[in-house]
Amino acid sequence: MLSIKNLHVSLEEEDKQILKGVNLELEAGKVHAIMGPNGSGKSTLSYVLSGRDGYEVTEGEASLDGEDILEMEPEERAAAGLFLAFQYPVEIPGVGNMTFLRTAVNAQRKARGEEELSAGDFLKVVRAKAKDLKIDADMLKRPVNVGFSGGEKKRNEILQMAMLEPKMCILDETDSGLDVDAMKLVSQGVNALRDENRTFLVITHYQRLLDHIKPDVVHIMADGKIIKSGGPELALEVENNGYADLLAEMA
Amino acid sequence: MALPKAKQDLTEATLSALPAPFDGAWAKAAQDEARVRLAALGMPVRRDEYWKFTNPAAYTTEAAEFATSTDTLDVFDAAKPLTITFVDGVLDADASDDMMLEGVTIETLVDAADVDLHWAKGLYGVLENAANTAPAKDGAALYRSVPRPLAALNTAAARDGLVIRVSGAASRPIRISYRSNGGDAMIHHVIKVDEGASLTLLEEGTAGARSNVMLEVDIADKAAFHHLRMQEPVADRHTLTNTFARLGNESTFKSFGLTAQGVLTRNETIMELTGDDAVAHVAGACLGDGNVHHDDTVYITHDAVNCESRQVFKKVLRNGAVGVFQGKILVQPHAQKTDGYQISQSLLLDDDSQFLAKPELEIYADDVACSHGSTSGAIDEAALFYLRSRGVPHAEAINLLTLSFLAEALEEIDDEALAEMVQTRLEQWLRA
Ligand SMILES: Nc1ncnc2c1ncn2[C@@H]1O[C@H](COP(=O)(O)OP(=O)(O)OP(=O)(O)O)[C@@H](O)[C@H]1O
Ligand SMILES: [Mg+2]
């Protein structure tokens with residue numbers, strides 16, 4: 001599904017290298033998790049993959065089902081099936097959440113040569129999915145993320161993912177800011193989407209999320225590199241011992 | 001005081017080219033007086049402080065050629081307004097509805113001018129005159145009135161317009177549609193809203209290659225006047241509007257204008273709140289792309305107790321478009337408990353465009369709450385990326401952010417149905 005080879009990324013503004021040769025092979029139908037100390041480059045990886053400005057790829061490649069995505073515009077990557085649930089979802093005053101969702105869904109359908117959803121059909125789908133995530137009608141009407149609590153913003157990210165049905169989902173600390181119940185809702189939302197043609201890359205600091213969304217593979221990122229990969233037990237190790245041992249192993 | 005030579009020459013040339021005034025006694029007198037006023041004020045030139053940001057030459061010398069307006073005038077059809085059409089500055093009866101509306105009498109200025117002792121005598125040119133020449137109240141000359149010679153010119157030279165008297169709640173809006181085949185248009189409407197009465201006035205279209213459209217609105221106690229104006233994307237139009245309003249006790253004036261394109265637009269609103277507890281809101285949204293100069297100039301005088309005024313102006317500019325805002329709130333010494341608010345903002349979509357703002361507060365009362373702000377900003381890159389990451393194409397993402405930027409101005413429209421109509425046309429113009 002998503003193949004990342006020797007990815008080196010620097011900041012455009014300053015001469016600072018953040019990703020120093022990332023390699024990841026994410027197969028269809030699998031859930032991969034990335035853990036790693038603060039500042040190790042996890043969000044940077046997610047931004048670079050989704051096409052945010054400000055980064056320069058100095059070496060390496062990334063492809064989605066064989067297609068080089070690094071040259072694509074962000075909207076093209078989205079239409080190709082890539083989705084990032086932001087660590088910090090953006091507030092957009094003046095743009096209604098519903099308008100935003102419908103514009104996004106229809107833009108992607110159009111880009112893929114599919115019919116646009118009628119207003120009625122769209123409404124039906126959105127209402128059902130919002131209900132599953134306990135997002136009420138008021139939140140759908142309000143401007144995108146404006147005045148949403150931290151947890152509400154994260155649930156809104158998952159609603160977008162559920163509506164857009166991307167094949168490659170990157171979740172950047174979607175668990176942060178969620179209460180115990182919301183964590184369950186969000187995990188259910190994610191698990192409902194799990195299927196053999198869809199891949200997840202879950203960035204998290206805590207084992208708790210991985211109790212709900214069981215990963216197939218866990219990677220540890222440190223200083224811009226994947227320093228270790230393993231099964232779910234690797235996350236437990238981090239939970240119990242922190243990163244000190246792993247980092248020492250590498251040194 | 002003698003006028004500077006260039007101004008003097010321009011003024012004399014303008015005066016000598018004026019058409020003959022109306023025949024009717026009161027109208028002739030009003031137009032003759034306006035000529036005298038214009039001679040004293042002098043035509044505006046670039047050097048004038050009031051025209052610092054907008055070169056008045058296009059309004060005062062020969063107008064450019066003009067491509068005929070093609071936009072259909074149907075923004076407000078769903079509101080089922082009574083429609084009156086002006087083509088090239090004069091009434092087109094064939095393209096107009098019968099001027100019959102419950103609670104309202106509507107005449108043309110041409111007809112009213114022939115009637116002796118018409119009520120319009122007490123309003124035609126009167127608010128313009130007051131704003132151009134009257135001294136400050138309370139004996140103290142606290143401020144000098146700003147000369148508005150192009151309004152005096154309109155009073156002196158208008159050939160047609162509407163004379164509207166509202167005595168009850170108008171059962172539906174009045175729409176004035178303007179069409180042009182090029183050339184000048186000088187139109188002057190006077191509107192008197194009697195105590196407790198209310199009217200919604202809608203204006204659409206392009207009155208001329210070069211147009212000067214004036215509204216004088218007298219709003220009596222507890223009366224309400226709502227106004228929406230759509231200035232369509234006709235590249236070559238030179239549009240000037242002068243709106244004068246006087247507000248009585250507990251009266252309401254609310255005006256919103258949407259402007260798209262136009263090589264030159266200046267919308268002036270001059271309001272005097274003379275009755276206690278009056279509410280005056282004026283708002284505007286502008287889309288400017290390319291060779292566009294758009295100017296909103298507002299002057300609100302608080303002359304009574306416990307009044308509220310509000311100005312909300314938003315402009316989206318790109319490819320060299322220029323936006324201007326001059327907004328003043330003047331609070332007279334006795335105008336205690338004044339609540340004055342003013343915001344002017346531009347969204348600059350590139351480095352070539354500019355926004356020039358001159359917000360002013362002049363306050364002589366001590367118990368008031370007045371605030372103003374003016375900002376110029378670029379597109380929010382984080383929001384833009386967020387939208388694109390969801391698959392919204394770049395251009396459409398910019399459109400969504402543009403609409404969100406303008407939303408605060410459109411929220412000033414009270415009537416939800418009318419607001420929806422404006423919003424729909426805005427989106428069409430934006431995506432054209
Ligand atoms: N635009 C930027 N300007 C300066 N430094 C940046 C920028 N973007 C990222 N960095 C730096 O790059 C490093 C990696 O940041 P990144 O956000 O990817 O870390 P992370 O692994 O997601 O951390 P966390 O677990 O705290 O979310 C950090 O040291 C950060 O300060
Ligand atoms: Mg991060």
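Parameters and conventions
- Residues numbered from 1 in each chain as written.
- Chains lettered and ligands numbered in written order.
- Predicted model: local features only at pLDDT ≥ 70, side-chain atom pairs only at ≥ 80, totals over all residues.
- Heavy atoms only, no water.
- Helix = DSSP H or I, 4+ residues; strand = E, 2+ residues; numbered from the N terminus.
- Contact = heavy atoms within 4.5 Å.
- Areas by Shrake-Rupley, 256 points an atom, 1.4 Å probe, with all protein chains shown as cover.
- Pairing = 2+ DSSP bridges.
- Axes fitted to C-alpha atoms, helices over the stretch in contact; angles between N-to-C directions.
- Donors = N, O, S within 2.8 Å, 3.2 Å for Na, K, Ca; no water.
- Buried < 20%, exposed > 50% of the residue type's maximum accessible area, 1.4 Å probe, protein only.
- Near = heavy atom within 4 Å.
- Polar contact = N/O pair within 3.5 Å; in protein donor to acceptor, adjacent residues only side chain to side chain.
- Nonpolar A, V, L, I, M, F, W, Y, C, P; charged D, E, K, R; others polar.
- Expected span 1.5 Å × (residues − 1).
- Lys, Arg positive; Asp, Glu negative; His and termini not counted.
- Salt bridge = Lys/Arg side-chain N within 4 Å of Asp/Glu carboxyl O.
- Phe/Tyr/Trp six-rings, centres within 6.5 Å; stacked < 30°, edge-to-face > 60°.
- Lys NZ or Arg CZ within 6 Å of the ring centre and 35° of its normal.

Trainee: Would you mind going over the overall build of chain A with me for this structure?
Mentor: Of the regular secondary structure elements, chain A holds 10 helices and 12 strands. Contacts spanning at least 24 positions in sequence make up 69% of the contacts within chain A whose residues lie at least 6 apart. Carbon and sulfur atoms make up 46% of the accessible area of chain A, which totals about 11300 Å².

Trainee: Would you explain the sheet that holds strand β10 (residues 199-203) of chain A in this entry?
Mentor: Backbone-to-backbone hydrogen bonds pair the strands of a sheet. The strands run either parallel or antiparallel. Residue and element names in this part refer to chain A. Pairing in this open sheet of six strands is mixed, and the strands run β6-β9-β10-β3-β11-β12 from one edge to the other. In the strand order of this sheet, the two ends are held by β6 (82-85) and β12 (225-230), each with one partner. Here the average twist between neighbouring strands, direction ignored, is 20°. Of the pairings in the sheet, the one linking β6 to strand β9 (residues 168-172) comprises four bridges and is parallel in character. Bridging across to β9, Leu 82 finds its partner in Met 168. In the packing of helix α1 (residues 42-50) onto the sheet, contacts are made with β3 (31-35), β6, β9, β10 and β11 (217-222), and the angle to β6 comes to roughly 145°. Set on the sheet, helix α6 (residues 150-164) makes contact with β6, β9 and β10; between it and β6 the angle comes to about 165°.

Trainee: How do you make sense of the coordination of the magnesium ion (ligand 2) when you look at a structure like this?
Mentor: All names here are of chain A. Of the protein atoms, only Ser 43 (OG) and Gln 87 (OE1) coordinate the magnesium ion (ligand 2), at distances of 2.0 to 2.2 Å. With Ser 43 in helix α1 and Gln 87 in the loop between β6 and β7 (92-96), this residue pair connects regions lying 44 residues apart in the sequence. Across this residue pair, the class does not change: Ser 43 and Gln 87 are buried.

Trainee: What am I meant to see in the pairing of β11(A) here?
Mentor: Regular strands place side chains that alternate from one sheet face to the opposite one. Residues and elements named next belong to chain A. For β11, a buried count of five out of six residues is recorded, marking the element as mostly surrounded by other parts of the structure. Both β3 and β11 contribute to a ladder of four bridges, which runs parallel. Across the sheet, residue Met 35 finds its bridge partner in β11, namely Ile 220. As defined by bridge partners, β11 adjoins β12 across five bridges and the pair is classed as antiparallel. Looking across to β12, one finds that Ile 220 is bridged to Lys 228. In sequence, β11 turns back onto β12 through a hairpin of two residues, with Asp 223 there showing a positive phi of about 50°.

Trainee: Got a minute to help me understand the site of ligand 1 in this structure?
Mentor: Residue and element names in this part refer to chain A. In the region of ligand 1, 15 residues are neighbours, and Gly 39, Lys 42, Ser 43, Thr 44 and His 205 sit closest. Measuring from an oxygen atom of ligand 1, one finds a side-chain N or O atom of Gln 87 at 3.2 Å. The greatest single-element share of the shell around ligand 1, amounting to three residues, is contributed by α1. The residue makeup of the shell around ligand 1, split by class, is three nonpolar, eight polar and four charged.

Trainee: Would you mind going over helix α7 (residues 180-193) of chain A with me for this structure?
Mentor: Because each turn of an α-helix spans 3.6 residues, side chains separated by three or four positions in sequence point in the same direction. All names here are of chain A. The end-to-end C-alpha distance of α7, which contains 14 residues, comes to 20 Å, matching closely the 20 Å that a straight helix rising 1.5 Å per residue would cover. Turning to α7, its buried residues are Ala 182, Met 183, Leu 185, Val 186, Ser 187, Gly 189, Val 190 and Leu 193. If you follow the buried residues of α7, they end up packed against α4 (119-132), α6, β9, β10 and α8 (207-212). The opening residue of α7, the one whose side-chain oxygen lies 3.0 Å from the backbone nitrogen of Asp 181, is Asp 179.

Trainee: Sorry if this is basic, but what is going on with the sheet that holds strand β11 (residues 238-247) of chain B here?
Mentor: Residue and element names in this part refer to chain B. The sheet built from 10 strands is open, its strands ordered β3-β4-β5-β7-β9-β11-β13-β15-β17-β19 with mixed pairing. With one partner strand each, in any of the chains shown, β3 (100-101) and β19 (354-363) form the two edges of the open sheet. Pairing geometry for strand β15 (residues 293-302) and strand β17 (residues 322-331), over 10 bridges, is parallel. Within β17, the position partnered with Tyr 299 by the bridge is Lys 328.

Trainee: Is there a simple way to think about the side chain of Lys42(A) in this case?
Mentor: Residues and elements named next belong to chain A. Looking at the element boundaries, Lys 42 is found in helix α1. One buried charged residue, Lys 42, forms no salt bridge at all, with the nearest opposite charge on Glu 173 at 5.0 Å. A polar contact of 3.5 Å, which involves the side chain of Lys 42, links it to the side chain of Ser 40. Excluding its chain neighbours within four sequence positions, the residues that come into contact with Lys 42 are Ile 34, Met 35, Gly 36, Pro 37, Ile 203, His 205 and Met 221.

Trainee: Explanation requested: the packing of aromatic side chains in the structure shown.
Mentor: Aromatic ring pairs: the centre-centre distance and the angle between the two ring planes describe each pair. With the rule as written, the count across this model stands at nine aromatic pairs over all chains. Between Phe100(A) and Tyr386(B), the aromatic rings sit 5.7 Å apart at their centres with planes inclined by 15°, giving stacked as the arrangement. Taken as a pair, Phe100(A) in helix α3 (residues 97-111) and Tyr386(B) in helix α7 (residues 381-389) lie in two separate chains rather than in one. Taking the centre distance of 6.2 Å and the plane angle of 65° together, the rings of Trp51(B) and Tyr59(B) count as edge-to-face. In this pair, the class of Trp51(B) matches that of Tyr59(B), namely buried. Clustering of aromatic rings is evident, with ring pairs tying together Tyr47(A), Phe86(A), Phe100(A), Phe385(B) and Tyr386(B). The residue whose ring lies beneath Arg148(B) is Tyr299(B), and the NZ or CZ to ring-centre distance is 5.0 Å.

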